[in-house]
Amino acid sequence: MINRELIRIKIVQLTYAYYQNGNHNMDNAEKELLFSLSKAYDLYNCLLSLIVAVSREAHLHYDVEVARARREGKDVPSGKFANNRFAMQLEENRQLCEYMETQKQSWTDNIEFVRNLLSQMEQSQIYKDYIDSPEDSYEDDREVWRKLYKALIMENENLDSLLEERSLYWNDDKEIVDTFVLKTIKRFDPKNKAKQELLPEFKDEEDKDFAVKLFRATILNADQYQRFMSETSRNWDFSRLAYMDVVIMQIAIAEMMNFPNIPVSVTINEYVDLAKLYSTPKSGSYINGMLDAIAHYLADTGKMMKVVNKR
């Protein structure tokens, strides 16, 4: 689940913090990186379990409405959403159940939020169209949850505040983790029942190694990488560069020099995007020009054995 986009974000954050907090202990910093990445996986499971919590509340609400309808001699309401087959399969998922039990996580302490979220869903047009549709298939059950997640969970300020209270590590993770939740919903197959596989924490050991190697190279070779910046900054005022820009370029140089299979253009594009996200409005274009110049300098001087597109 943890991909290289998320790894790069975490390394930008933790490299900046490494220089700001004054405690330059590489081993501790590396442990903090891996812990921060593991918290992103916690968030993934937490958001999946939110679907389960809402579904359970929907079933309780349905039972109350059925009892009331029978008591008052009225038509019994639709149980389509309360008995949504995708949500029931997710609730029974062995991996999710084991993870939530091990981590002692639940939505019990935030039941009012869960109830309010269910109410918002029931009032949405997505929900009404689902209930009114004559279609009744697993695919429809799965699709309504995908739509509801995108509409009411991805952009939810109350949820963002609640998650921030639960873990400060989740501040910048949710946007990416949301995409993993949607991917998981789409992958669910009723044939797999409770054994449906969730996304693993790391796709493979290579991505975990990428995180550790990139972070260590960034810190341990800082002087050398900053010298490269200085030597190629004749057309820019290096002294006025925002500190975050220096950090971002330092990481980008570490990636260019230590990962021969990643094209230079990919590295530059990734860190230009991060500069736009974390630094000044002008940082993106500045860093794009600087990294292009540095890449050519490294290739021309034989310090980096990669092909760089001609300017």
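See above for the structure.
What comes next is a walk through the structure. (Residues numbered from 1 in each chain as written. Predicted model: local features only at pLDDT ≥ 70, side-chain atom pairs only at ≥ 80, totals over all residues. Heavy atoms only, no water.)

What to know about the overall build of the protein
Of the regular secondary structure elements, the protein holds 14 helices and zero strands. Ordered by position from N to C terminus, the α and β elements of the protein give α-α-α-α-α-α-α-α-α-α-α-α-α-α. With respect to the three principal axes, the spread of C-alpha positions in the protein is 85 × 40 × 35 Å. A burial count over the protein gives 48% of its 311 residues as buried. When contacts within the protein are restricted to residue pairs at least 6 apart in sequence, long-range pairs at least 24 apart make up 78% of them. Accessible surface computed for the protein: about 16400 Å², of which carbon and sulfur atoms make up 46%. The distance from the centre of the 41 positive side-chain charges to the centre of the 51 negative ones in the protein is 3 Å. (Helix = DSSP H or I, 4+ residues; strand = E, 2+ residues; numbered from the N terminus. Buried < 20%, exposed > 50% of the residue type's maximum accessible area, 1.4 Å probe, protein only. Contact = heavy atoms within 4.5 Å. Areas by Shrake-Rupley, 256 points an atom, 1.4 Å probe, with all protein chains shown as cover. Lys, Arg positive; Asp, Glu negative; His and termini not counted. Charge placed at Lys NZ, Arg CZ, Asp CG, Glu CD.)

Thoughts on the nonpolar core
In this structure, Y44, W107 and L291 are the most contacted members of the largest nonpolar core, which totals 100 residues. Other than its neighbours up to four places away in sequence, L291 contacts M249, A252, I253, M256, I268 and Y271. (Core = buried A, V, L, I, M, F, W, Y, C linked by side-chain atoms within 4.5 Å.)

A look at a negative patch on the surface
A grouping of E5, E155, E157, D160, E164, E165, E175 and D273 is seen on the molecular surface, where their side chains present a negatively charged patch. Position of E165 among the secondary structure elements: in helix 8 (residues 157-166). Residue E165 is classed as exposed on the basis of its relative accessible area of 70%. (Patch = residues over 30% accessible without salt bridge, like charges linked within 9 Å, V, L, I, M, F, W, Y side chains within 5 Å. Salt bridge = Lys/Arg side-chain N within 4 Å of Asp/Glu carboxyl O.)

Digging into the environment of K150
Mapped onto the secondary structure, K150 falls in helix 7 (residues 138-153). Sequence separation between K150 and A67 is 83 residues; the distance between their C-alpha atoms is 32 Å.

Examining the environment of M249
Residue position: M249 is located in helix 12 (residues 243-258). Residue classification places M249 among the buried positions, given a relative accessible area of 0%. Here the alpha-carbon distance between M249 and C97, two residues 152 residues apart in the chain, equals 42 Å. Other than its neighbours up to four places away in sequence, M249 contacts M229, L241, I287, M290 and L291.

Examining the packing of aromatic side chains
Taken as a whole and assessed by the stated rule, the structure comprises 14 aromatic pairs. The interplanar angle of 70° and the centroid separation of 5.2 Å between the aromatic rings of F81 and Y127 together place this pair among those described as edge-to-face. Residue F81 is found in the loop between helix 2 (26-72) and helix 3 (85-91), and its partner Y127 is found in helix 6 (residues 125-132); the two are separated by 46 residues along the sequence. Across this residue pair, the class does not change: F81 and Y127 are buried. The interplanar angle of 80° and the centroid separation of 6.3 Å between the aromatic rings of F81 and Y130 together place this pair among those described as edge-to-face. Of the two residues, F81 is situated in the loop between helix 2 and helix 3 and Y130 in helix 6; the sequence distance between them amounts to 49 residues. Of the two residues, F81 and Y130, neither departs from the other in class, the shared state being buried. Grouping aromatic residues by their ring pairs yields a cluster made of Y16, Y18, Y19 and Y243. Taking the ring centre of F210 as reference, the NZ or CZ of R4 above it sits at 4.3 Å. Just above the ring of W107 sits the side chain of R166; from NZ or CZ to the centre is 4.6 Å. (Phe/Tyr/Trp six-rings, centres within 6.5 Å; stacked < 30°, edge-to-face > 60°. Lys NZ or Arg CZ within 6 Å of the ring centre and 35° of its normal.)

Details of the layout of surface pockets
Empty space within the largest pocket amounts to approximately 510 Å³. Along the walls of the largest pocket sit 21 residues, with D172, K174, E175, I176 and L277 positioned nearest its centre. Breaking the lining of the largest pocket down by element, the ones donating at least two residues are helix 1 (4-21), helix 8, helix 9 (174-187) and helix 13 (264-278). Broken down by class, the residue content of the lining of the largest pocket amounts to eight nonpolar, two polar and eleven charged. Taken as a whole, the second largest pocket holds about 310 Å³ of empty space. Only helix 2 and helix 4 (94-103) provide two or more residues apiece to the lining of the second largest pocket. (1 Å grid on protein atoms, 1.4 Å probe; cavity = no way out; pocket = protein on both sides within 12 Å on 5 of 7 lines; lining within 4 Å. Points joined across faces, edges and corners; volume = space filled by probe spheres on them. Nonpolar A, V, L, I, M, F, W, Y, C, P; charged D, E, K, R; others polar.)

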